[in-house]
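Here are the chains, one letter per residue:
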Amino acid sequence: RRSIVLAERPAGHPTEDNFRLEKGPVPEPGEGEVLARILWLSLDPYMRGRMDAAKSYAAPVELGAVMEGGCVGQVLASNDPRYAQGDYVTGQFGWTSHGVLKGDALRKLDPAKAPLQYALGALGMPGLTAWVGINRILEAKTGETVVISAATGAVGSLAGQLAREKGCRVIGVAGGPKKCAHAESELGYDVCLDHHAAADGQAMADRIAEAAPGGVDCYFENVGGKTLDGVLPNMNVGGRIALCGVIAWYSGANLDDATPLPKVWRTILVNRLRVQGFIIFDHFDQFPHFVDEVAPMLADGRLRYREDVTEGLENAPKAFLSMLEGGNFGKTLVKVAD
Ligand code: NDP
């Protein structure tokens with residue numbers, strides 16, 4: 001068994017030294033447990049939070065413990081009658097080649113329905129986040145203008161397309177001309193703005209004002225930083241912000257140049273904005289509604305979905321660090337085994 005453990009907590013931006021590859025025996029499944037060999041590992045921004053000891057909505061990964069992560073695996077041995085050898089399952093096995101979990105913590109996958117690894121992306125946690133954000137938090141309506149940051153990422157790419165399907169005008173913000181071109185030509189954004197091309201929040205605000213002359217009704221917030229600075233002054237009265245993530249600030253960088261809180265607070269008041277933070281764990285009861293709606297749209301091509309695959313568990317730290325900096329183009333995955 002090979003696993004990537006948390007070797008030390010990062011100070012600011014994480015580095016490869018924060019991780020360590022460990023080898024050991026394949027674990028035995030206990031009572032009610034299932035042993036799986038891991039095929040796919042999902043890399044997600046929330047893992048940056050788990051590396052810190054700070055209090056958050058979930059407990060940190062302990063030093064020396066296997067990094068947390070969602071996986072797709074194939075059952076090797078099972079002490080739960082609901083799972084048999086050879087079944088495909090998804091669960092939080094972590095950054096590892098072999099893992100053991102209780103049957104209750106698993107969901108069985110049907111490889112005939114969709115590619116297995118979709119369970120970690122478009123038909124899994126990130127997809128549900130996009131769906132809940134657009135439908136339950138923003139309550140985006142036909143004709144409204146919606147801004148999506150990290151517009152081509154795992155969450156953003158789906159959020160943007162779901163808003164488009166609702167008949168919204170959809171403005172993306174992404175890093176670089178390649179991502180922006182993809183957003184407009186493949187994902188159906190009306191326009192996508194490159195945040196690297198905007199020097200500061202004011203420049204971002206000017207570009208958003210140009211793209212949304214009628215103002216912004218809904219903002220799907222994934223990044224914070226100068227993108228948020230640019231969106232805020234463009235929000236319409238009665239606008240909504242789904243506060244999903246603030247990746248620009250996860251490692252404590254770029255904090256000083258953010259819009260001062262009094263100005264943010266006053267904008268919320270004057271424009272009667274509804275700003276709602278949400279953590280997807282609270283919304284898993286929506287999973288069946290989400291799959292019923294999104295799976296057919298993926299199958300018939302209405303929704304496009306792009307993956308960024310790294311081969312080999314040992315390369316997971318590098319791929320994770322790159323994703324935090326925008327190096328990924330689509331849902332970040334590690335192919336652990338065939
Ligand atoms: P992505 O696939 O979108 O990858 C992260 C992207 O963030 C990068 O590709 C990059 O895109 C963008 N980014 C990184 N740094 C910056 C920066 N300084 N300024 C602007 N953009 C930046 O990841 P996910 O789709 O998995 O996650 C997107 C967001 O959603 C994250 O904030 C994540 O924490 C959050 N999330 C929240 C959940 C919840 O329950 N609330 C659940 C799942 C995700 P680009 O190159 O385009 O800038």
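Located above this text is the structure these notes cover.
In short, a report on the structure. (Residues numbered from 1 in each chain as written. Predicted model: local features only at pLDDT ≥ 70, side-chain atom pairs only at ≥ 80, totals over all residues.)

## Focus on the packing of helix H2 (residues 125-137) against helix H8 (residues 287-299)
If you want to describe how two helices pack, look at the angle between their axes and the distance between the axes. For the pair H2 and H8, the least separation of the axes is 10 Å and the interaxial angle reads 95°. The orientation of H2 with respect to H8, classified from their angle, is roughly perpendicular. Residue-level inspection shows Gly127, Leu128 and Trp131 of H2 in contact with H8, the latter providing Phe287, Phe290 and Val294. Tallied by class, the residues present in the contact of H2 with H8 amount to five nonpolar, one polar and no charged. (Axes fitted to C-alpha atoms, helices over the stretch in contact; angles between N-to-C directions. Helix = DSSP H or I, 4+ residues; strand = E, 2+ residues; numbered from the N terminus. Parallel < 35°, antiparallel > 145°, perpendicular 65-115°, else oblique. Contact = placed C-beta atoms within 7 Å. Nonpolar A, V, L, I, M, F, W, Y, C, P; charged D, E, K, R; others polar.)

## Re the sheet that holds strand E13 (residues 274-277)
Pairing is parallel across the open sheet formed by six strands, whose spatial order is E10-E9-E8-E11-E12-E13. Each of the sheet's edge strands pairs with one partner strand only, and the pair in question is strand E10 (191-194) and E13. Across the sheet, the mean angle separating the axes of adjacent strands is 15° when strand polarity is ignored. Inspection of the sheet shows strand E11 (residues 216-221) paired to strand E12 (residues 235-243) by five bridges, in the parallel sense. Residue pairing for E12: Tyr219 is matched across the bridge by Ile241. (Pairing = 2+ DSSP bridges.)

## Some points on the nonpolar core
Judged by nonpolar contacts, the single largest core of 93 residues is most densely connected at Leu41, Val147 and Phe220. Per element, the largest residue contribution to this core is seven residues, and it comes from H2. A domain split of this core shows at least three residues from each of domain 1 (2-120 + 306-335) and domain 2 (125-280). With sequence-adjacent residues up to four places away left out, Val147 is seen in contact with Ile171, Val173, Ile208, Val216, Tyr219, Phe220 and Val231. (Core = buried A, V, L, I, M, F, W, Y, C linked by C-beta atoms within 7 Å. Buried ≥ 20, exposed ≤ 12 C-beta atoms within 10 Å, placed from the backbone. Domains from an automatic or database assignment.)

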